[in-house]
Amino acid sequence: MIKQKREILKAASEFTGLSDKMITGRSRQSDILMTRDAVCVVLKKVYGLTDASIATSIGRDRSTVSYAARRHAKRYNKVMAYRQLFNHLLAVSEGEVKA
């Protein structure tokens, strides 16, 4: 896994209190799914990684990343916890906040 992927996953884990294994696991529990989606979207939009590359690094199918990107705008506008997490991950990716 490249440095950026590890950094974003670590930042998401620390921000939410979920372990890396939980985030990359098979659970569809809403808070875990939301965290996984935020990680996927940041890796895709900020780092320009392909869906397949992101999916491999989180142990999921490529469609997981595609669906995360589709849900992003609606979730960002309606769910404050998701918005805060996503903004935190963006800040980490831009070097404004340490992971």
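Residues numbered from 1 in each chain as written. Predicted model: local features only at pLDDT ≥ 70, side-chain atom pairs only at ≥ 80, totals over all residues. Heavy atoms only, no water.

Draft legend 1. How the structure looks around the pattern of salt bridges. Within this structure, the stated rule accounts for four salt bridges. One salt bridge in this structure joins lysine 10 and glutamate 14, with 4.0 Å as the shortest N-O distance. You can see lysine 10 and its partner glutamate 14 sitting in helix H1 (residues 3-16), four residues apart, about one turn around the helix. Residues aspartate 37 and arginine 75 are paired through a salt bridge, measuring 2.5 Å at the closest nitrogen-oxygen approach. In this pair, aspartate 37 sits in helix H3 (residues 30-45) while arginine 75 sits in helix H5 (residues 62-78), placing the two residues 38 residues apart along the sequence. Pair check on accessibility: aspartate 37 and arginine 75 agree, each one buried. Through salt bridges with shared partners, a single ionic network connects Asp37, Arg71 and Arg75. (Salt bridge = Lys/Arg side-chain N within 4 Å of Asp/Glu carboxyl O. Helix = DSSP H or I, 4+ residues; strand = E, 2+ residues; numbered from the N terminus. Buried < 20%, exposed > 50% of the residue type's maximum accessible area, 1.4 Å probe, protein only.)

Draft legend 2. Structural context of the packing of aromatic side chains. Counted by the stated rule, this structure contains two aromatic pairs. With centroids separated by 6.3 Å and ring planes inclined at 15°, the aromatic side chains of tyrosine 82 and phenylalanine 86 adopt a geometry described as stacked. Taken together, the residues span about one helical turn, with tyrosine 82 and phenylalanine 86 both in helix H6 (residues 80-93) at a distance of four residues. Each of the two residues, tyrosine 82 as well as phenylalanine 86, counts as buried. Through a chain of ring-to-ring contacts, three or more aromatic side chains come together here, namely Tyr76, Tyr82 and Phe86. It is arginine 75 that lies over the ring of tyrosine 82; its NZ or CZ is 5.6 Å from the centre. (Phe/Tyr/Trp six-rings, centres within 6.5 Å; stacked < 30°, edge-to-face > 60°. Lys NZ or Arg CZ within 6 Å of the ring centre and 35° of its normal.)

Draft legend 3. Spotlight on the packing of H1 against H3. The N-to-C vectors of H1 and H3 enclose an angle of 150°; their axes lie 10 Å apart at closest approach. As summarised for this structure, H1 and H3 are arranged roughly antiparallel, according to the angle between their axes. H3 is crossed by H1, and the crossing has right-handed handedness. When H1 is examined against H3, the residues Gln4, Lys5, Ile8, Leu9, Ala12 and Thr16 are found in contact with a partner set consisting of Thr35, Val39, Val42 and Leu43. Grouping the constituent residues of the contact of H1 with H3 by class yields six nonpolar, three polar and one charged. (Axes fitted to C-alpha atoms, helices over the stretch in contact; angles between N-to-C directions. Parallel < 35°, antiparallel > 145°, perpendicular 65-115°, else oblique. Left-handed = near helix turned anticlockwise from the far one by under 90°. Contact = heavy atoms within 4.5 Å. Nonpolar A, V, L, I, M, F, W, Y, C, P; charged D, E, K, R; others polar.)

This is a description of form; function is not addressed.
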